Amino acid sequence: FFFFPVSGVPFPPSTNHTHTHKQTQTHTEEGESAPPAPQMATMVKALVLEKTKKLALREIEVNEPFTSQDVRIEIRSVGVCGSDVHYYQHGHIGPFVLKEPMILGHEASGVVIEVGEDVKHLKVGDRVCMEPGVPDQASVETRMGHYNVCKQVRFWATPPADYATKINKDPAWKAGHGCLRKTVVHPGAYTYRLPDNVSFDEGAMVEPLAVGMHACTKANIKPGDRALVNGAGPIGMLCVVSALASGISKVIVTDICAEKIKIAESLVPGKVVGIDVSKQNLEEEVKRHTDGFGVEVAFECSGNARAGSTLPKLCRPSGAIIYIGCPNNPLSLDVGDIQVRELRIHGIFRYAHVYPKVLALLETGSINLAPIITDHFSFNEAVEAIEYFANPKTATVKAIIHVDQDK
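The model shown is predicted, which means the values in this text are computed figures rather than measured ones.

A. Broad picture of the packing of aromatic side chains. Following the criterion strictly, the structure yields five aromatic pairs and no others. When the ring of Y147 is compared with that of Y190, the centres are 6.2 Å apart and the planes differ by 70°; the resulting orientation is edge-to-face. Within this pair, whereas Y147 is found in the loop between helix 2 (140–143) and strand 11 (154–155), its partner Y190 is found in the loop between strand 12 (183–187) and strand 13 (191–193), the two being separated by 43 residues in sequence. Given the relative accessible area of 0%, Y190 is considered buried.

B. Here's a closer look at the layout of surface pockets. Considered as a void within the structure, the second largest pocket measures approximately 480 Å³ in volume. Lining the second largest pocket are 36 residues; nearest its centre among them are W173, K174, A175, G176 and H177. Per-element tally for the lining of the second largest pocket: the top contributor is strand 3 (residues 54–62), with three residues. Here the lining of the second largest pocket is built from residues that sort into 22 nonpolar, six polar and eight charged.

C. Layout of unusual backbone geometry. Here N220, not a glycine, exhibits a phi torsion of approximately 55°, which is positive. With respect to the element layout, N220 can be found in the loop between helix 4 (200–219) and strand 14 (226–230). Overall, the relative accessible area of 45% leaves N220 in the partly exposed class. A positive phi angle, near 65°, is found at H353, a position not held by glycine. Relative to the assigned elements, H353 resides in the loop between strand 19 (344–347) and helix 10 (355–363). Using a relative accessible area of 23% as the deciding quantity, one classes H353 as partly exposed.

What counts as what
Residues numbered from 1 in each chain as written. Predicted model: local features only at pLDDT ≥ 70, side-chain atom pairs only at ≥ 80, totals over all residues. Heavy atoms only, no water. Phe/Tyr/Trp six-rings, centres within 6.5 Å; stacked < 30°, edge-to-face > 60°. Helix = DSSP H or I, 4+ residues; strand = E, 2+ residues; numbered from the N terminus. Buried < 20%, exposed > 50% of the residue type's maximum accessible area, 1.4 Å probe, protein only. 1 Å grid on protein atoms, 1.4 Å probe; cavity = no way out; pocket = protein on both sides within 12 Å on 5 of 7 lines; lining within 4 Å. Points joined across faces, edges and corners; volume = space filled by probe spheres on them. Nonpolar A, V, L, I, M, F, W, Y, C, P; charged D, E, K, R; others polar.

Below you can see the structure in the form of C-alpha cells.
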C-alpha cells in the first residue's frame, strides 16, 4: 500500500528509480522550462572523504539518476555534523564502514532548480530543506510507519551497511554520497519548502533539530513536565529548545564546559538551568530543582556511558529516559530499580514524520537557533571546517558551510 508522510505528499511506491525521461520543469537563464538533462554520470566539485583522515575538495564522478518524482536542488547551506567528523577520524560508525571515496554532508538547504513531472508541491525557485534519508518503500519498517529504521534506507554521507543489499548493488547510491556539492537530486516527497522567514542556515539546521523533536515526541511529554538534558553539544542544545517547545517548563542541562552551559542557558532565558558536573553534584542539583522528586524526562545526548547509566536515578516514578547519543561503551543499568519505579526507556535513531512540525515551529518563532550557529565557512574552506571540528574551540557549537560562497 501507499505510505503517506506528514506533509500529505504520497511517497512513490518504490525506491527503484526507473530512468524515465518525462518532461520536467527546469531553470534556464530566461526562466523558461527546458527538457531534462540526459541520465548519465557527471563530474561535480565536492568535499570528498578519500579515506580515514584524508579529505579533498575536488571533482568526483556522481551517477545520480533524475526521475519524474525527483527535484534538482542548488545547495546553499550545509551543517557540519559530528558524524562527518567521526567518519573523517575513524572511517566508520557501527556497521556503516567507508569502502570508497564518499562526499560528506547531510544537513542541507537550497533552491529548487528542476522539478520532475510528478512532483506537484514544489516549483523552480522554491527555497527548501531535505530529509537526507530515503527508505525502501516496500520494507516492513517503512510500511509500519517507522521509515527511519528501514535497513535499506539510503542516507546522505553514510556508506551503506553490508545488510543493505539493495543499495550496495546500485551504482547510483552504493558510495553513500552526501550533499557537500553544488547540486543534488532528491525525491520530492522528502523535500520541504522553507517558510519565508526561515533562512538557509536555519533550513540546514532542520535536520539535527528533527532529532530533538523526534526524541521529544517519543518521550510523551506533558505540559509542565521538567527535563534533564545530559550534554550541551549541538544535539543536546537542540533537545533543549525542542523540549521547551513541546511543553517542558524547565530544562536542566549538564556539561563540563562552562562556555557551552552559558550558551544553553541563553537559548530560553529563565527556563534553562545549567549544571557543571565537573564542579557540582548532579543528583543534588536535580533534586533541588524538582522538589526532591526528579525529572519526568531525561535525555542522554553526550554518548558517555557512565553518565548514561546514572540517568534512571534522576527520574521520578513513571519517568522516561531517552537515549540519543551513541555510547562509547556499554551501559550498566539497574533493571530492578527501573521496574519498581516503572521507568520507560526509549532509543532514538534519526527521526520520522517531524520535518513539517519543525518547520511550523520555526515559522512562528517558537524556536531560536541563532545562539547555536557559532561558526561559518565558505565552500573552499570545507576541508578546514571538518578539520577544525575534529578539535574545536570550547565555545563552538554548530558550523555552517556556505556552498554558494567560494571565498
